[in-house]
Every structure is written in structure tokens, then in C-alpha cells.
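# A look at the structure
So you can see what is in the structure, the chains are spelled out below.
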Amino acid sequence: MSRRRQIYEGKAKILYEGPEPGTIIQYFKDDATAFNNQKKGTISGKGVLNNRISEHIFTRLGHIGVPHHFIRRLNMREQLVRQVEIVPIEVVVRNVAAGSLTKRLGVEEGTPLPRTLIEYCYKDDALGDPLIAEEHIACFGWASQDEMNEIADMAIRVNDFMSGLFSGINIRLIDFKLEFGRIWDGDYSRLLLADEISPDGCRLWDMESDEKLDKDRFRRDLGGEVEAYQEVARRLGLLPEGAANEVLDLEEHRKNRGK
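To keep things clear, this report deals only with the structure shown in the data block.

Every other side chain in a regular strand lies on the same face of the sheet, so the side chains alternate between the two faces. Here strand S4 (residues 31-34) pairs with strand S5 (residues 39-42) via 4 bridges, running antiparallel. Its bridge partner lying in S5, Asp-31 is registered against Thr-42. In sequence, S4 turns back onto S5 through a hairpin of 4 residues, with Phe-35 there showing a positive phi of about 55 degrees.

Okay, here's the thing in C-alpha cells:
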């Protein structure tokens, strides 16, 4: 497939004009950023792994009736998705205290939350994606009340499914980020799950060791980022036979670091 016109480049992906009206090609980069783009680096092969992991999760979510923008994977780094009007809200679903929540509220990292917590952030890199309340969303018209109800319901459903999916491969789903988009039919719109779901936007801990299998390894200079992403893909059954001979696994990384 010939490369189409570039529409947008973000921190982790590039969007190109799709082959058919209403479609976009989503290209996954190896670039890694943290702390509102203050820390930058490269995780070799991350884009390939995120493409496969996101494809797998979106496909499985589609099987339980969650509407999403994913159409099909095109190659190792690209997938075809529906073009949507992105709702300018990041939805953060938390099961265990980690990340910014621990800093804001002084809760010890790893503390199980008494109930699933949904937080909202305004999507604006220049502002640092600030935390917002539903009242802000209503005040500025970023989403209607019906849309917010649907977003919350969908977020809980996705959380329930993904918690079970990862629990089945001995991974604890700590928290994750979702984005949503609208597709229009005349004056009427429908919400779809959009963007990606991968270790870039999820906190994933090994259930036995609490070892981090996500981008926190990059944020905290723990090393072994590629191996962690590979470990998630391997447990999901996404790495081909023989891949372990071509790449390091996380156990090998631990040995190399003397752990």
C-alpha cells in the first residue's frame, strides 16, 4: 500500500490519510516520552509490539460488543482505523493506586482502591493534560451528559474485560488510559473507542513479583523496556514461535542486571 498524505504526528503515532473515505492509517513509532514530553527516548521495536497488542485487545473487545475504530492491521507497524472526531478527554481508569494519584493524594503505590476510579483529563499537551471534573466537561461542551454516561459505562466494561484478560496471564491491571471518538451520520453521532490500548497507556504488573511490564520502566529508568513489552506480547500469545531466540526475555534481562 502506497503511503498517503500525513494528517498528524503525535508522540507515539503518525496518522496518514486512509485508502478509503472515512479511514486513517495509524503508524506506531518507537519514540517514547514521559512527564509531559520532558523526557524523550526510543524503545526499539515498541511500535511493532504496540501495534500487535492493541490489535489483539481491540479485536477481543469487539467480540463482546464494545464499538471501536479498529478495522484491521496492515503490516508490522500500521493499522487501518475509522476516522473519528476525537473527544478532547483522556479517560483514566484506576484499580490500584499508582502514578500521579499517589503524588496528588499521598496514597502509597500499590494500594488497592476500594472501587474502580474514573478520572478525566483535558487533552492538551501544552497544558500538560490537566485533571478535570465532569462539571468542566459540561461547562465547555466537550461532551454531552449522554456521552459522558456512555463513556463511563464503556470504561467500566473495558476495565472488567481487560482485568480478566490480564489476570488470566498472571498480570495485574493497575490503571489505563482510554480515548473516544465520534462518527457522524447527519446530525447524529456515535461514540467509538479510539487511539490504542498497549503498555504505553496501561500500568501492568506481574501478579507474583509486582515487576512493571509497561512504560514505567522508561519513566523510572529501570531498563528492560523492550523485554517488558515483549513479555506482555508473549503472554498474550502474540509473539511467533522462535521469537524467544531472537530477542531477550525479561528473565534474561534480570540476570544481566544481577537481579
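This next bit is on the packing of helix H1 (residues 46-63) against helix H4 (residues 145-167). H4 packs onto H1 with a crossing angle of 120 degrees between their chain directions and a minimal axis gap of 11 Å. The pairing of H1 with H4 is recorded here as oblique in orientation. Our pair here, H1 against H4, has a crossing hand that is right-handed. Mapping the contact onto sequence places Ile-57, Arg-60 and Leu-61 in H1 and Val-158, Phe-161, Met-162, Leu-165 and Phe-166 in H4. When grouped by side-chain class, the residues that make up the contact of H1 with H4 number 7 nonpolar, no polar and 1 charged.

The next point concerns the pairing of strand S14 (residues 202-206). Of all the 5 residues making up S14, 5 are buried; the element is thus mostly covered by neighbouring parts of the structure. Here S14 shows two buried faces, one formed by Cys-202, Leu-204 and Asp-206 and the other by Arg-203 and Trp-205. Pairing of strand S12 (residues 171-185) with S14 involves 5 bridges; the strand directions are antiparallel. Counterpart to Ile-171 in the pairing with S14 is Asp-206.

Here we take up the environment of Glu-196. The topology assignment puts Glu-196 in the loop between strand S13 (188-194) and S14. Look at Glu-196 and you get buried, because its relative accessible area is 9%. Considered as a pair, Glu-196 and Lys-13 are 183 residues apart in the sequence and their alpha carbons are 9.6 Å apart. Ignoring sequence-local partners within four residues, the contact set of Glu-196 consists of Ala-12, Lys-13, Phe-28, Asn-50, Ser-54 and Phe-58.

Before going further, it helps to examine the sheet that holds strand S3 (residues 23-28). The strand order across the open sheet built from 5 strands is S1-S2-S3-S7-S6, with neighbouring strands paired in antiparallel fashion. Strands at the two margins of the open sheet, each flanked by one partner only, are strand S1 (6-9) and strand S6 (70-73). For this sheet, the mean inter-axis angle between neighbouring strands, taken without regard to orientation, is 25 degrees. In terms of strand pairing, S6 meets strand S7 (residues 78-82) through 3 bridges, oriented antiparallel. From the neighbouring strand, Arg-73 faces S7, where its bridge partner is Gln-79. Of the strands in this sheet, S3, S6 and S7 touch H1, which is tilted by about 130 degrees from S6.

About the criteria used
Residues numbered from 1 in each chain as written. Predicted model: local features only at pLDDT ≥ 70, side-chain atom pairs only at ≥ 80, totals over all residues. Heavy atoms only, no water. Pairing = 2+ DSSP bridges. Helix = DSSP H or I, 4+ residues; strand = E, 2+ residues; numbered from the N terminus. Axes fitted to C-alpha atoms, helices over the stretch in contact; angles between N-to-C directions. Parallel < 35°, antiparallel > 145°, perpendicular 65-115°, else oblique. Left-handed = near helix turned anticlockwise from the far one by under 90°. Contact = heavy atoms within 4.5 Å. Nonpolar A, V, L, I, M, F, W, Y, C, P; charged D, E, K, R; others polar. Buried < 20%, exposed > 50% of the residue type's maximum accessible area, 1.4 Å probe, protein only.

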